[in-house]
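# Observations on chain architecture
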Amino acid sequence: ELKVEQNPLFLSMQEGKNYTIYCNYSTTSDRLYWYRQDPGKSLESLFVLLSNGAVKQEGRLMASLDTKARLSTLHITAAVHDLSATYFCAVDAMYSGGGADGLTFGKGTHLIIQP
Amino acid sequence: NAGVTQTPKFQVLKTGQSMTLQCAQDMNHNSMYWYRQDPGMGLRLIYYSASEGTTDKGEVPNGYNVSRLNKREFSLRLESAAPSQTSVYFCASRGRGGNTIYFGEGSWLTVV
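Read on for a plain summary of the structure. (Residues numbered from 1 in each chain as written. Chains lettered and ligands numbered in written order. Predicted model: local features only at pLDDT ≥ 70, side-chain atom pairs only at ≥ 80, totals over all residues. Heavy atoms only, no water.)

### Quick notes on the environment of B:Leu21
Residues and elements named next belong to chain B. For the record, the criterion: Think of it this way: any DSSP run of H or I at least four residues long counts as a helix, any run of E at least two long counts as a strand, and we number them from the N terminus. Think of it in three bands: residues with accessible area under 20% of the maximum for their type are buried, residues over 50% are exposed, and the middle band is partly exposed, with areas taken using a 1.4 Å probe on protein chains only. Contacts: residue pairs with any heavy atoms within 4.5 Å of one another.
As for its position among the elements, Leu 21 is in strand β3 (residues 19-25). Residue Leu 21 is classed as buried on the basis of its relative accessible area of 1%. Measuring from C-alpha to C-alpha, the distance between Leu 21 and Val 66 comes to 9.4 Å, with 45 residues separating the pair along the chain. Residue contacts for Leu 21: discarding those within four places in its chain leaves Thr 7, Pro 8, Trp 34, Phe 74, Ser 75, Leu 76, Tyr 89 and Ser 107.

Structure below.
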């Protein structure tokens, strides 16, 4: 059974600081997603990581994937208040073997960035 | 371009009542999914449909049924609602081999 663990689950940080969210998963997969969710809203796709060593950057966010370690990271550089949200990683079961489909999500990281 | 459309957006049910959540996508996608989101739990897969005419159980299927009516539509039915089914429900879809999974706006369901 595919399991996805994120940490930390809660993070309060100051503007201007850097921090990293970690996502570990239990079985092989070559496809990992990062999403952002604002309160009361749907999920917004941030990154899709398709292979080992993949790195993607958008603004102050950078995501990477190490399939050998079964680890993805979401790094926040010089945080600003607008990045306050809940961030989810999700692993694609379709690329984990076993014939299943759909994403398995971590529990989410609730990020608060204070001025 | 509507993408993934869910109805209703909000619903309050009494314990034991039944209801159907509707989902439609206009992107000609093969795969469709139903997730539920509970506080502190992330999203959990209820059922999915890899193609028209097929459905499969996800992580938390108990208490739910689904129908893939045609390629566009994938409905989720609660036959006898329970308070434990109070949640936010998201429908999603993707094309064959697609990298992007598109989510609907969510349906807020409260069972009292």
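### Overview of the sheet that holds strand β1 (residues 4-7) of chain A
Residue and element names in this part refer to chain A. Put simply, the test is: Strand pairing follows a simple DSSP-based rule, namely that at least 2 bridges must link the two strands. All axes are obtained by fitting lines to C-alpha atoms, using only the stretch in contact for helices, and the reported angles, taken between N-to-C directions, cover 0 to 180 degrees.
Pairing is antiparallel across the open sheet formed by five strands, whose spatial order is β1-β3-β8-β7-β6. The strands lining the two open edges of the sheet, one partner per strand, are β1 and β6 (55-58). Taken over all neighbouring pairs, the strand axes of this sheet differ in orientation by 15 degrees on average, direction set aside. As paired elements, β6 and strand β7 (residues 61-66) share four bridges and run antiparallel to each other. Paired with Val 55 across the bridge in β7 is Ser 64.

### Some details on unusual backbone geometry
The step from A:Asn7 to A:Pro8 runs through a cis peptide bond, and the omega angle for that step is 0 degrees. A cis amide bond links B:Thr7 with the next residue in sequence, B:Pro8, at an omega value of -5 degrees. For B:Pro8, the position within the fold is in the loop between β1 (4-7) and β2 (10-13). Positive phi values are uncommon outside glycine, yet A:Arg70 reaches one of about 55 degrees. Position of A:Arg70 among the secondary structure elements: in the loop between β7 and β8 (71-76). Among the residues examined, A:Arg70 registers a relative accessible area of 31% and is labelled partly exposed.

### Regarding the packing of aromatic side chains
Residues and elements named next belong to chain A. Condition: Note on ring pairs: Phe, Tyr and Trp rings are taken, using the six-membered ring of Trp, and paired if centres are within 6.5 Å. Classes follow the plane angle, with under 30 degrees stacked, over 60 edge-to-face and the rest tilted.
Going through the model one piece at a time under the given rule, you end up with ten aromatic pairs over all chains. Aromatic side chains Tyr 33 and Tyr 35 sit 6.1 Å apart centroid to centroid with 10 degrees between the ring planes, which places their arrangement in the stacked category. By relative accessible area, which is 1% here, Tyr 33 ends up buried. According to the relative accessible area criterion, Tyr 35 is buried, its value standing at 1%.

### Examining the nonpolar core
All names here are of chain A. As a reminder of what qualifies: Among buried residues, those of type Ala, Val, Leu, Ile, Met, Phe, Trp, Tyr and Cys that are joined through side-chain atoms within 4.5 Å constitute a nonpolar core.
By size, the foremost hydrophobic cluster in this structure holds 25 residues, and its most contacted members are Leu 32, Trp 34, Leu 74 and Tyr 87. Those elements that provide at least two residues to this core are β2 (10-14), β3 (19-25), β4 (32-37), β5 (43-49), β7, β8, β9 (85-92) and β11 (109-114). The element best represented in this core is β9, accounting for four residues. Beyond its immediate sequence surroundings of up to four residues, Tyr 87 is in contact with Gln 6, Ile 21, Tyr 35, Arg 36, Leu 46, Leu 61, Leu 74, Gly 108, Thr 109 and Leu 111.

### Notes on the state of the cysteines
Residue and element names in this part refer to chain A. Spelled out, the test is: When two cysteine sulfur atoms lie within 2.5 Å, the pair is treated as a disulfide.
For the structure shown, the criterion picks out two disulfides over all chains. A disulfide bridge connects Cys 23 with Cys 89, and the sulfur atoms are separated by 2.1 Å. Across the disulfide from Cys 23 to Cys 89, rotation about the S-S bond amounts to roughly 80 degrees, and the bridge is consequently right-handed. Of this pair, Cys 23 sits in strand β3 while Cys 89 sits in strand β9, and the two are 66 residues apart along the sequence.

### Describing the interface of chain A and chain B
Quick reminder of the rule: A quick way to say it: buried area is the sum, across both parts, of accessible area lost when two parts are put together, with a 1.4 Å probe. One side-chain nitrogen of Lys or Arg within 4 Å of one carboxyl oxygen of Asp or Glu is enough to make a salt bridge.
Contacts between the two partners involve 22 residues from chain A, matched on the other side by 21 residues from chain B. With both sides pooled, the region where chain A packs onto chain B buries about 1,700 Å², and carbon together with sulfur makes up 52% of that total. For the chain A face of the interface with chain B, the top three residues by lost area are A:Ser42, A:Asp101 and A:Phe105, together amounting to 31%. Applying the counting rule to chain A against chain B returns two salt bridges. Where A:Asp92 meets B:Arg94, a salt bridge forms, and the shortest distance between an N and an O atom there is 2.6 Å.

### Some words on the sheet that holds β1(B)
Residues and elements named next belong to chain B. An order of β1-β3-β8-β7 is seen for the four strands of this open sheet, with the pairing classed as antiparallel. Looking at which strands have only one partner, the edges of the open sheet turn out to be β1 and β7 (65-68). The sheet shows a mean angle of 15 degrees between the axes of neighbouring strands, direction not considered. Sheet topology places β1 next to β3; four bridges connect them, and they run antiparallel. Bridge pairing in β3 places Val 4 opposite Gln 25.

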